[in-house]
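Structural overview for review
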Amino acid sequence: MTIYDFEIKDNHGNKVSMESFKGQVVLIVNTASKCGFTPQLGPLQKLYEDYREKGFVILAFPSNQFAGQEPESDAQIESFYQNTYQVSFPIMAKADVNGKSALPLYDFLRRQKGGIFGRKIRWNFTKFLIGRDGRVTKRYAPSREPDQLRQDIEMLLME
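Residues numbered from 1 in each chain as written. Predicted model: local features only at pLDDT ≥ 70, side-chain atom pairs only at ≥ 80, totals over all residues. Heavy atoms only, no water.

For threonine 2, the position within the fold is in the segment before strand 1 (7–9). When neighbours within four sequence positions are excluded, threonine 2 is seen to be in contact with Phe108, Asp133, Gly134 and Arg135. (Helix = DSSP H or I, 4+ residues; strand = E, 2+ residues; numbered from the N terminus. Contact = heavy atoms within 4.5 Å.)

Okay, here's the thing in structure tokens:
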């Protein structure tokens, strides 16, 4: 199994096959507007700008599962991300990343790469790096700054 076996929804409610990202290096991040890590959206946008022409994409999955830090609607989230951090990478529909109502994609990601506290996602801005083959290569803690991912991204882009 790879990420290409899943279907998700974008923040406008449109179904998106993960297969549409086939052959790209993908960074999947659960995000929130009212989190201490929210300023990472700026450096994430910079990563996207620096590498998108080489086949890199970031997918943001807003989630309200952590201390209610993403209470807004999908439209409000998009507006905030774009107006405050100039985010141009894809923003998906707000979703759960843990528990019975978690997106199947997130169940898969957690099974592929557990964190230091097990498979559960513990907070906003947990990051999963996916190779061009659709397989999860790394998982990063929320505190890992986007610039610290550059070497890993570059390695995958060269493959």
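So that's the structure; there's more coming.
In this structure the tally under the stated criterion is 6 salt bridges. What you see here is one network of salt bridges that share partners, running through Lys46, Asp50, Asp147 and Arg150. (Salt bridge = Lys/Arg side-chain N within 4 Å of Asp/Glu carboxyl O.)

The sheet built from 4 strands is open, its strands ordered 4-3-5-6 with mixed pairing. In this open sheet, the two edge strands, each paired with only one partner strand, are strand 4 (56–62) and strand 6 (136–140). Shown here is a sheet whose adjacent strand axes are inclined to one another by a mean of 20°, direction ignored. Inspection of the sheet shows strand 5 (residues 127–130) paired to strand 6 by 4 bridges, in the antiparallel sense. (Pairing = 2+ DSSP bridges. Axes fitted to C-alpha atoms, helices over the stretch in contact; angles between N-to-C directions.)

Describing an aromatic ring pair means giving the distance of the ring centres and the angle of the ring planes. Scanning the entire structure with this criterion turns up 8 aromatic pairs. Ring plane angle 45° and centroid distance 5.3 Å describe the contact between phenylalanine 6 and phenylalanine 108, whose orientation is recorded as tilted. Within this pair, whereas phenylalanine 6 is found in the segment before strand 1, its partner phenylalanine 108 is found in helix 3 (residues 104–112), the two being separated by 102 residues in sequence. On the numbers, 5.8 Å between centres and 50° between planes, the contact of phenylalanine 66 with tryptophan 123 is tilted. With phenylalanine 66 in the loop between strand 4 and helix 2 (74–85) and tryptophan 123 in the loop between helix 3 and strand 5, the pair connects residues that are 57 residues apart, well separated along the chain. Here tryptophan 123 falls in the partly exposed class, since its relative accessible area comes to 31%. Put simply, the rings of Phe61, Tyr106 and Phe128 touch in pairs and so form one group of aromatic residues. (Phe/Tyr/Trp six-rings, centres within 6.5 Å; stacked < 30°, edge-to-face > 60°. Buried < 20%, exposed > 50% of the residue type's maximum accessible area, 1.4 Å probe, protein only.)

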